[in-house]
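# Inside the fold
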Amino acid sequence: MAGRGSYKSWLGAIGVAAGGLLAWGVFSSFGTPAVGQPIEFPHKTHLAMGLQCTGCHQRAETDAAAGRPPTELCVACHSGEQLKPELKKLQAFGEGGEQIPWRRVWRLPPDVFFSHRIHVAAAVKCQTCHGPMETLDRPPPRPLKTLSMSDCIGCHERWEGPAGDGMMAVKRVGRRVSTDCITCHR
Ligand code: HEC
Ligand code: HEC
Ligand code: HEC
Ligand code: HEC
Ligand code: HEC
């Protein structure tokens, strides 16, 4: 009864999707306070131009923190007299020689150790942990996606090497990542 089997698996899939949406809604709406940014920076416009995530967040490849791009990088493209209000603000930071005071949105408790470099080198995609940043017209007031301890451990337990989205493993490397408490709690 193939038809019946697939009907059931569809129901299962809908259940999972609904549960996911519910969790997403609860965490994104009530879990954390909304953060405002000094400039309404649109990720979407910039990624549509073909810029890479690490083109602006360069430190993700070398450091624990991913960092934000320096004002000089922004004004290299947005130079000269600006007419749009958000770009006038950018121009003022540039002329003052100031870094833009971006505020943090994603944040782990202080006792949890996390390093971008290790994950980026292992080819885990940014979006696996941050969600679809390339769709944003304005800065996210809250994380699009957050990682609980079981999300971190879940991936470490079944990691077998990079694949499509970094979550689904291809049987190729077959090596687990440490899940000892001390790996993340230092
Ligand atoms: C043109 C430069 C640029 C590119 C390219 C870019 N970003 Fe950003 N990103 C920024 C700036 C500026 C901010 C701070 C404003 C904001 O939150 O939108 C930021 C903020 C973020 C944050 C929020 C960090 C926090 O906690 O405050 C994440 C996550 C992020 N970017 C991920 C990505 C990913 C993933 C990509 C690729 C899909 C990407 N960025 C591409 C400039 C860029
Ligand atoms: C590679 C070139 C490039 C870089 C680097 C770049 N931008 Fe842009 N940005 C553009 C282009 C092109 C547009 C779309 C056309 C426009 O609005 O000028 C744009 C649009 C914007 C807009 C939307 C303006 C509006 O109101 O429509 C903002 C805000 C902005 N950029 C801020 C920044 C900031 C802040 C940085 C540095 C973190 C940055 N840009 C880095 C090229 C760039
Ligand atoms: C394995 C999950 C994971 C991956 C992959 C990942 N991040 Fe993050 N990112 C995090 C976590 C967790 C935090 C919060 C870290 C903290 O509070 O110490 C964070 C914080 C950030 C921040 C803000 C704080 C900082 O480090 O400057 C930016 C910006 C950021 N990530 C961008 C990126 C970009 C760009 C990529 C891809 C090149 C990426 N991340 C890949 C999990 C991830
Ligand atoms: C999508 C998969 C994935 C997720 C989600 C993920 N990690 Fe990892 N993590 C990896 C991989 C793969 C490595 C190993 C890279 C290597 O050894 O080459 C790693 C390594 C690490 C290491 C270094 C381990 C060591 O032996 O030194 C730490 C620390 C770490 N992760 C913390 C975290 C934390 C904290 C989170 C959640 C906020 C997290 N990771 C989420 C895939 C993931
Ligand atoms: C792969 C990374 C990772 C490993 C391994 C890990 N944890 Fe965690 N743990 C986390 C993250 C991330 C959080 C914060 C989750 C959040 O903010 O929701 C956390 C939170 C906690 C907390 C809540 C207090 C706090 O720090 O926020 C406790 C208690 C804890 N972990 C204990 C443990 C113990 C005990 C082990 C070993 C059996 C362990 N953890 C292994 C990543 C890890």
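Residues numbered from 1 in each chain as written. Chains lettered and ligands numbered in written order. Predicted model: local features only at pLDDT ≥ 70, side-chain atom pairs only at ≥ 80, totals over all residues.

Around ligand 3 sit 21 residues in total, of which His57, Ala65, Ala66, Cys126 and Cys129 are the nearest. Elements supplying a minimum of two residues to the shell around ligand 3: helix 3 (53–56), helix 6 (116–121) and helix 7 (126–130). When residues in the shell around ligand 3 are grouped by element, the largest group, 4 residues, is from helix 7. Here the residues of the shell around ligand 3 are counted per class, giving 12 nonpolar, 7 polar and 2 charged. (Near = placed C-beta within 6 Å. Helix = DSSP H or I, 4+ residues; strand = E, 2+ residues; numbered from the N terminus. Nonpolar A, V, L, I, M, F, W, Y, C, P; charged D, E, K, R; others polar.)

What follows is about the confidence of the model for the protein. Looking at the protein as a whole, the pLDDT averages 83, with 75% of positions reaching at least 70. Per-element averaging of pLDDT across the protein places helix 1 (residues 2–31) at the bottom with 43 and helix 2 (residues 43–48) at the top with 98. In the predicted structure, residues 1–29 sits below a pLDDT of 50 and forms 3 contacts with residues beyond four places in sequence or in another chain. Every residue in residues 164–171 is under pLDDT 50, and counting partners more than four places away or in other chains gives 18 contacts. (pLDDT = per-residue confidence, 0-100. Contact = placed C-beta atoms within 7 Å.)

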